[in-house]
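Coordinate analysis (summary)
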Amino acid sequence: MFDYSPKPDHKFTFGLWTVGNRGADPFGSVTRPHKTPAELVHLLGEVGAYGVNFHDNDLIPIDATLFEAEAIKKDFRKALTDTGLVVPMATTNLFSDPIFKDGAFTSNDPRVRAYALQKTINAIDLGVEFGAKTYVFWGGREGTETDSSKSALDAIQRSREAMNFLCEYVLDRKYDLKLALEAKPNEPRGDIYNPTTGHMLAFITRLDHPEMVGVNPEVAHEHMAGINFMHGVAQAWEAGKLFHIDLNDQYPGRYDQDLRFGSRDIKAAFYLVKFLEDVGYQGSRHFDAHAYRTEDYEGVKDFARGCMRTYVILKEKAAQFNADPEIQALLAEINADDHAMTPFLGEYTTEKADALKLQLFDRPAVASRGLQYERLDQLTIDLLLGVR
Ligand code: DIG
Ligand code: MN
Ligand code: MN
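Source: prediction; values computed, not measured.

1. What to know about the coordination of the manganese ion (ligand 3)
Donor atoms from the polypeptide that bind the manganese ion (ligand 3) are Glu182 (OE), Glu218 (OE), Asp246 (OD) and Asp288 (OD), placed at 2.0 to 2.2 Å. Viewed at the metal, the six donor atoms of the manganese ion (ligand 3) are separated by angles of 75 to 174 degrees, and the geometry they form is irregular. For the manganese ion (ligand 3), the single-chain donor residues occur in sequence as E-x35-E-x27-D-x41-D. Taken as a pair, the manganese ion (ligand 3) and the manganese ion (ligand 2) show a spacing of 4.5 Å, with Glu218 coordinating each metal. Residue Asp246 is located in strand E9 (residues 246-247), and its partner Asp288 is located in the loop between strand E10 (285-287) and helix H11 (297-323); the two are separated by 42 residues in the primary sequence. Across the pair, exposure class does not vary: Asp246 and Asp288 are buried alike.

This is the structure in structure tokens:
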């Protein structure tokens, strides 16, 4: 019988804000009581998670006194020691406090931009204090409802100025820290700048220290943009920029649902897990998701267990796909290469171009080939439905 339980080498992590989500939504108040960071660490330890992540204010309330902060950190550190959980990632809450109502780094108010930098460098210090090696930036309020309010160019330049400043801070402090940018197309702003992982990859090329900065793609966010999540992850991986990943699920055309991983589009989740496992991704499998509002904390544990269990099941399905003789034979047939075209492909040479111009192609014959993708996809469905 296959063991689908989470193991430390799966590197399953959750944010304090995920299992600590109290069920409030824009149309209703909380349905679950508050739990302290230490209590949430113990909950994650109970379900078998590897690590826990936090925004600065998930751990230390924005108006906590130094004494209160030290007490919270002491309890949190003890819970980490007692459970063995680690803190691979940290991030800044630059979206909850009203001061960020018009953004943080891109705000039209220089006082807000300066405060956002202060809050972020303090939060970086806090994350490093607990061992974080990846620092995520989600610019949830970096956007507009009306483009009369600010120049998109100013927004881009302010974002770049902030990231350059923060890269220099990390270098100045000699922190062993990689920075990961998380995209989202909208919500809570009408439009958010750098709305997809692709936009973030382009933005990174314009920074002073692009080598320090990668991306943290999130399933729900790319699905909100109507694009194939795994393709974006593959592009980030190929560019050496997949520094972190936020796993969850999402119905198309809806608000950011942050559903339990694999609970909506199991086929997309399968291709994602297969990709991560095929390429040997070594980062955290971070579940940026939360339980249904209907749940109590036993339900929250069910949610967390479900995220991890589905990932492990799909990891096993991916191994089955890679070992399935009929699937692999079909893929070999589909990708067969008699190398007749090799003289024309790959690196450019003048000789290649000259020879290519003389090459005749029988378009109807090539086009008439049946590619057997229907059979291949049904074999995949059979595999996922457990009938092969
Ligand atoms: C939302 O998807 C964002 C915030 O929760 C956080 O800043 C980031 C880290 O996973 N994801
Ligand atoms: Mn989300
Ligand atoms: Mn996220």
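2. Structural notes on the side chain of His221
When you line up the elements, His221 lands in helix H8 (residues 219-224). Looking at His221, the relative accessible area reads 1%, which means it is buried. A distance of 2.8 Å separates the side chain of His221 from the backbone oxygen of Ala183, its partner in a polar contact. Ignoring any residue separated from it by four or fewer positions in sequence, one finds His221 in contact with Trp138, Glu182, Ala183, Lys184, Pro185 and Asp256.

3. Thoughts on the domain arrangement of the chain
Here the chain is described as being made up of domain 1 (8-320) and domain 2 (325-384). Each side of the interface is counted separately: domain 1 has six residues, and domain 2 has five residues. Buried area between domain 1 and domain 2, both sides added, is near 540 Å², and the carbon and sulfur share of it is 68%. Among the residues domain 1 hides against domain 2, the three largest losses belong to Lys267, Phe270 and Lys317. Together they make up 69% of the total.

4. So, the site of ligand 1
Not every one of the 13 residues close to ligand 1 is listed here, only the nearest: His55, Glu182, Glu218, Asp246 and Asp288. Take Glu218: an N or O atom from its side chain is 2.7 Å from an oxygen atom of ligand 1. Interatomic distance of 3.3 Å between a side-chain N/O atom of His221 and an oxygen atom of ligand 1. The protein chains hide 95% of the 300 Å² of surface that ligand 1 would expose on its own. Going through the elements one at a time, strand E3 (89-91) and strand E4 (134-138) are the ones with two or more residues in the shell around ligand 1. Split by residue class, the shell around ligand 1 holds four nonpolar, five polar and four charged.

5. A look at the coordination of the manganese ion (ligand 2)
Coordination of the manganese ion (ligand 2) by the protein involves Glu218 (OE), His221 (NE2), Asp256 (OD), Asp256 (OD) and Asp258 (OD), with metal-donor separations of 2.0 to 2.8 Å. Mapped onto the sequence, the residues coordinating the manganese ion (ligand 2) show the spacing E-x2-H-x34-D-x1-D.

6. A closer look at the sheet that holds strand E2 (residues 51-55)
The strand order across the open sheet built from eight strands is E8-E6-E4-E3-E2-E1-E10-E9, with neighbouring strands paired in parallel fashion. On the outer flanks of this sheet lie strand E8 (213-215) and E9, each paired with one strand and no other. When strand E6 (residues 178-182) meets E8, the two strands line up parallel, connected through three bridges. Looking across to E8, one finds that Leu181 is bridged to Val215.

Calculation notes
- Per chain, residues are indexed from 1 in the order of the written sequence.
- Key to labels: chains lettered from A, ligands numbered from 1, both in the order written.
- For this predicted model, a pLDDT threshold of at least 70 governs which residues receive local features, and a threshold of 80 or more governs which side-chain atom pairs are given and counted, while totals over whole chains, interfaces and linings are taken from all residues.
- Computation of side-chain values: all heavy atoms of the structure, hydrogens and water removed.
- The rule for donors is simple: N, O or S, within 2.8 Å of the metal, or within 3.2 Å if the metal is Na, K or Ca. Water isn't counted, so a site may look like it is missing partners.
- In this scheme the shape depends on donor count and angles: four donors with every angle between 85 and 135 degrees give tetrahedral, four or six donors with opposite pairs above 155 degrees and others between 65 and 115 give square planar or octahedral in turn, and any other case is irregular.
- Where helices and strands are cited, they refer to DSSP runs of H or I of at least four residues and of E of at least two residues respectively, numbered from the N terminus.
- Only protein chains enter the accessibility calculation, which uses a 1.4 Å probe; a residue whose area is less than 20% of its type maximum is buried, one above 50% is exposed, and one in between is partly exposed.
- In the analysis that follows, any N or O atom pair within 3.5 Å is treated as a polar contact, provided that within protein one partner can donate a hydrogen and the other can accept it, and provided that, for residues neighboring in sequence, both atoms belong to side chains.
- Contacts were defined at the residue level, with two residues in contact if any of their heavy atoms lie within 4.5 Å.
- In this document the domain limits rely on a domain assignment from an automatic tool or a database.
- Accessible-area loss on putting two parts together, using a 1.4 Å probe and summing over both, is the definition of buried area adopted here.
- One heavy atom within 4 Å of a molecule or strand makes the whole residue count as near it.
- Only the protein chains shown count as cover for residues, and the accessible areas themselves come from Shrake-Rupley with a 1.4 Å probe.
- Residue polarity follows a fixed list, in which Ala, Val, Leu, Ile, Met, Phe, Trp, Tyr, Cys and Pro are nonpolar, Asp, Glu, Lys and Arg are charged, and the others, Gly among them, are polar.
- Each pair of strands is called paired provided DSSP finds at least two bridges between the two strands.

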